[in-house]
Amino acid sequence: MAGSQPFNIFKLSTGSTPKEALNWRLFTAVLCFGLMGASRGIDEGLISGTIQQVSFIEQYHLNDPNLSTQKRLQITGNITAMVQIGCVFGSIVAFLVCDRIGRIWATRELCVVWIVGIIIFLTADGKLGQIYAGRFIAGAGIGQTAVVAPTYLAEIAPRAIRGLCICVFSGSVYLGIMLAYFASWGAATNISNENNLQWILPSTMHIMFAVVILVLTFFTPESPRYYLKVGEYEKGVKTLSYIRNLKPDHSYVEQEVNEIQDQLMIEEDASSSSRWFGTVKELFTSRSNLYCLHIGIMSQLLGQWSGASSITIYAPSFFEMLGNTGQGEKLFATCILGIVKLVASLACALFLIDFLGRKRALSIGISLQVISMLYIAIYLTAVPQLEYSANVTGSAKSAGKVAVAFIYFSGIGWAVGWNSLQYLINAEIYPLRVRALGSSLIMCFHFINQYANSKTVPLMLSKSSLTPAGTFWFFAAVTLLGLVWMHFFLPETSSLSLEGTQVLFQQPWYKIGRTTFISEETDADISSKVNSLPNDKLSDAT
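Everything numeric here is computed off the predicted structure, so don't read it as measured data.

Turning our eyes to something else, we now look at the overall build of the protein chain. Looking only at helices and strands, the protein chain features 25 helices and zero strands. Pairs at least 24 apart in sequence give 80% of the contacts found in the protein chain among residues at least 6 apart.

In this section: the environment of Gly 139. Relative to the elements of secondary structure, Gly 139 occurs in helix α6 (residues 128-156). Given the relative accessible area of 0%, Gly 139 is considered buried.

This paragraph deals with unusual backbone geometry. Notably, His 61 is not glycine yet its phi reads approximately 55°, a positive angle. The backbone of Asp 125 shows a phi angle near 50°, a positive value even though the residue is not glycine. One can find Asp 125 in the loop between α5 (69-122) and α6.

Here we take up the environment of Val 116. By secondary structure assignment, the location of Val 116 is in helix α5. Taking the C-alpha atoms as reference, Val 116 lies 7.0 Å from Ala 138; in sequence the two are 22 residues apart.

Below, the discussion takes up helix α9 (residues 205-216). Relative to the 16 Å expected for 12 residues at 1.5 Å per residue, α9 spans 17 Å between its end C-alpha atoms, a close match to the ideal helical length. All of the buried residues along α9 are Met 205, His 206, Phe 209, Ala 210, Ile 213 and Leu 216. End-on view of α9: buried residues confined to an arc of 130°, all on one side of the axis. On the buried face of α9, the contacting elements are α2 (24-34), α3 (38-50), α5, α6, α7 (162-190) and α8 (197-203).

A word on the packing of α6 against helix α21 (residues 432-461). Following both chains from N to C, one finds α6 and α21 inclined at 145°, their axes separated by 9 Å at the closest point. For the pair α6 and α21, the crossing hand works out as right-handed. Taken together, the residues of α21 that come into contact with α6 (itself represented by Gly 143, Ala 146, Val 147, Thr 151 and Glu 155) are Leu 432, Arg 435, Ala 436, Ser 439, Ser 440, Met 443 and Phe 447.

Pairs can form between side chains of opposite charge whenever their charged atoms are close. Throughout the structure, instances matching the rule amount to 12 salt bridges. Note that Asp 43 is salt-bridged to Arg 135, the shortest N-O span being 2.8 Å. Residue Asp 43 is located in helix α3, and its partner Arg 135 is located in helix α6; the two are separated by 92 residues in the primary sequence. Each member of the pair Asp 43 and Arg 135 is classed as buried. Its salt-bridge partner being Lys 235, residue Glu 232 comes within 3.3 Å of it at the nearest N-O pair. A residue is classified by how much of its surface remains accessible, and Lys 235, at 45% relative accessible area, is partly exposed.

Right, let's get into the side chain of Gln 144. Relative to the elements of secondary structure, Gln 144 occurs in helix α6. Of the residues examined, Gln 144 reaches a relative accessible area of 2% and is grouped as buried. Ignoring sequence-local partners within four residues, the contact set of Gln 144 consists of Gly 90, Ser 91, Val 93, Ala 94, Val 97, Ala 106, Glu 109 and Leu 110.

At a closest axis distance of 7 Å, the pairing of α21 and helix α22 (residues 467-489) adopts a crossing angle of 130°. It follows that α21 is oblique to α22 by the angle criterion. Contacts from Val 457, Met 460 and Leu 461 of α21 reach α22 at Thr 467, Pro 468, Thr 471, Phe 474 and Phe 475. Partitioning the contact of α21 with α22 into residue classes produces six nonpolar, two polar and no charged.

Summed over the entire model, instances satisfying the criterion amount to zero disulfides. The thiol sulfur of Cys 32 is not disulfide-bonded, and the nearest other cysteine sulfur, from Cys 111, lies at 7.5 Å.

Where α2 is concerned, the buried positions are Leu 26, Thr 28, Ala 29, Val 30, Cys 32, Phe 33 and Gly 34. Near the N-terminus of α2, the side chain that reaches the backbone nitrogen of Arg 25, with its oxygen 2.9 Å away, is that of Asn 23.

This part takes up a nonpolar patch on the surface. On the surface, Val 211, Val 215, Phe 218 and Phe 219 cluster together to form a nonpolar patch covering roughly 400 Å² of accessible area. By the element assignment, Val 215 lies in helix α9. For Val 215, a relative accessible area of 42% translates into the label partly exposed.

As a further point, take the confidence of the model for the protein chain. Taken over all residues, the pLDDT of the protein chain has a mean of 82, while the share at 70 or more is 85%. Looking over the protein chain, one finds the lowest element-wise mean pLDDT in helix α1 (residues 9-14), namely 46, and the highest in α9, namely 96.

Before going further, it helps to examine the packing of aromatic side chains. Inspection of every chain in the model, using the stated rule, returns 18 aromatic pairs. Note on Phe 56 and Tyr 60: the rings are 4.9 Å apart at their centroids and 35° apart in plane angle, and the pair reads as tilted. Like Tyr 60, Phe 56 is buried. Here Phe 182 and Trp 185 contribute two aromatic rings whose centre-to-centre distance is 6.0 Å and whose plane-to-plane angle is 70°, an arrangement assigned as edge-to-face. Remark: Trp 185 and Phe 182 occur in helix α7; sequence separation between them is three residues, near one turn of the helix. Exposure remark for Trp 185: the relative accessible area of 27% places this residue in the partly exposed category. Feature note: the residues Phe 56, Tyr 60, Phe 121 and Trp 199 constitute an aromatic cluster, connected by ring pairs. A cation over an aromatic ring shows up here: Arg 135 above the ring of Phe 121, its NZ or CZ 5.7 Å from the ring centre.

About the cut-offs
Residues numbered from 1 in each chain as written. Predicted model: local features only at pLDDT ≥ 70, side-chain atom pairs only at ≥ 80, totals over all residues. Heavy atoms only, no water. Helix = DSSP H or I, 4+ residues; strand = E, 2+ residues; numbered from the N terminus. Contact = heavy atoms within 4.5 Å. Buried < 20%, exposed > 50% of the residue type's maximum accessible area, 1.4 Å probe, protein only. Expected span 1.5 Å × (residues − 1). Arc of directions from axis to C-beta. Axes fitted to C-alpha atoms, helices over the stretch in contact; angles between N-to-C directions. Left-handed = near helix turned anticlockwise from the far one by under 90°. Salt bridge = Lys/Arg side-chain N within 4 Å of Asp/Glu carboxyl O. Parallel < 35°, antiparallel > 145°, perpendicular 65-115°, else oblique. Nonpolar A, V, L, I, M, F, W, Y, C, P; charged D, E, K, R; others polar. Disulfide = S-S within 2.5 Å. Polar contact = N/O pair within 3.5 Å; in protein donor to acceptor, adjacent residues only side chain to side chain. Patch = residues over 30% accessible without salt bridge, like charges linked within 9 Å, V, L, I, M, F, W, Y side chains within 5 Å. Areas by Shrake-Rupley, 256 points an atom, 1.4 Å probe, with all protein chains shown as cover. pLDDT = per-residue confidence, 0-100. Phe/Tyr/Trp six-rings, centres within 6.5 Å; stacked < 30°, edge-to-face > 60°. Lys NZ or Arg CZ within 6 Å of the ring centre and 35° of its normal.

Structure follows, in structure tokens:
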């Protein structure tokens, strides 16, 4: 692709996109929907600190001597997981809301639900049931963000920077995590343990972000693809022209509209019904759509069980396990992890995901995770006394500091690899008619899987189960399996438009993951090539 001449990566990343299309209108839209990623990051970052704040523990009697260790873990696990359970419900609702009222009104609705849930949570005043209810309702709003935001960003982004735009969402997850970690650390350091503001004040960050996103929706246009999908042709063309900052008769706008219309016609011919059950039937009876579902499920399964997500949620506990025992020390180490993941996700969005492609960026991320998990597993195996006491000395202590460093490296790998890809690929592989439904189902699986992960990992770490060393050996094995699956089954989509990605799935299933196209080819060229050439004439990914 590069030949023998040096290339400016910023110029290359825009491809043939007119410079007018990269404007403040697109930036505002990406900012509005990209920030929604912070909703999950804020919760994951805050709740890990909240349940360890002395004021929260005392207010909800988690230090009651009459509570067994198992019961205490059950309560804290339920508090942590209630948002994930709400997210399952929210991700299912998102399909109906997103296609019924549009992407913009769906965003306004989820922000209101999110805010109401957090208010219920913050005003619980010692009532554990209200804590559960508030976090479930907040989760119903947060869960919708994982469907609505990537879908919208994929639909309005120029193909050359689609990866960058969607990765703003995944990067915002770590913006939320980082801010939440620092808020918890700052509150623990500066607010008395007897003051409930120690955990309430950081939690108001939820409301701040929800209000900002809600306000931004009034300056953001609806998805032009949504308008075209529901038959409002003039609105669709006008909105696309507005976002691209080009006249409606500009060749770039006309080409994009024609591609969308052609794809919709193909999908309508293949569909037996325009009602919602027709959409469901279309998703589950099409061979290409089933392959898309397989990609979504496997990317979620392999990504979640690679260990990095568990480290995010239980970061203070992992740092304690590796020798950082003080409350302030654990929270500060966790803050640094948040910064590392944020910087890594931004680097991936700006320099890797569109320039190197989805598969190369993912392979870099997975490789870092494999190395990190292997080192930590070897260290915990070699220093078994850590299971009983974090007080180690000499070379074991020095090796423990390296293990902490590899926690950070695993965070870099996760941010560059699975975390960026799980939202990006899920948003860009489905046909327009089933995009919201497909994304909704995969995000529903995402939250169910995350809930199972959050409940299972603490049990895996126990001495009566896999132990900490065995758990990290398990993470290393799953991560390695993910590298193999990616190589054989994941297609490269970075050079294609949303409509052009459907061309990939015309191939036999065993060819899809090994087929790639050069970025200079148009969708028409690619479609013609697929239809006219034998399967083995297409270039294989190296």
